[in-house]
Amino acid sequence: MIHVYLDDYRSCPRGFVLARSAEECKLLIDHEDIDILSLDYDLGWGQDTGYEVARHLVETGRYPKRIYLHTSSVSGKLQMYHLLSSHIPDNVKLYNGPMSEFENERGK
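Residues numbered from 1 in each chain as written. Predicted model: local features only at pLDDT ≥ 70, side-chain atom pairs only at ≥ 80, totals over all residues. Heavy atoms only, no water.

**Student:** How should the environment of Ser 75 be read in this particular structure?
**Tutor:** Mapped onto the secondary structure, Ser 75 falls in helix H3 (residues 74–85). Look at Ser 75 and you get partly exposed, because its relative accessible area is 46%. With 40 residues separating them along the chain, Ser 75 and Asp 35 place their C-alpha atoms 26 Å apart. (Helix = DSSP H or I, 4+ residues; strand = E, 2+ residues; numbered from the N terminus. Buried < 20%, exposed > 50% of the residue type's maximum accessible area, 1.4 Å probe, protein only.)

**Student:** Looking at this structure, I do not really get the pattern of salt bridges. What am I missing?
**Tutor:** Pairs can form between side chains of opposite charge whenever their charged atoms are close. One pass over the structure, following the stated rule, counts 6 salt bridges. The salt bridge involving Arg 10 is made with Asp 7; its shortest N-O contact spans 2.5 Å. Classification of Arg 10 by relative accessible area gives partly exposed; the value is 26%. Here Asp 7 falls in the buried class, since its relative accessible area comes to 0%. Among the salt bridges present, the one from Asp 35 reaches Arg 66, with a minimum N-O distance of 2.9 Å. Of the two residues, Asp 35 sits in strand S3 (residues 34–39) while Arg 66 sits in strand S4 (residues 66–69), which places them 31 residues apart along the sequence. As far as burial versus exposure is concerned, Asp 35 and Arg 66 are alike and both buried. Among the charged side chains, a salt-bridge network with shared partners connects Asp 7, Arg 10 and Asp 40. (Salt bridge = Lys/Arg side-chain N within 4 Å of Asp/Glu carboxyl O.)

Structural data, given as structure tokens:
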């Protein structure tokens, strides 16, 4: 089981696999079992956003155990949270913010 960090700019936390694009992240979702998924929204000019990844989760039903939204985009975070919170199964935890340092260390 892996942890995935989607971000085009920030450094990847230790113990996570970095996805720099929505497409990379969707491939990991399709082919790996994911414990923690941390999503950014803005992934570069003209690129798909983290919302596309959230939509992919809903469409495929391949949810990680925990989802964090570490984006600094307030509107993007609201869009992803609204979509995910209305579709995720009861056994998936959704956090409307980034992991704390303690959670990051514990998530390994």
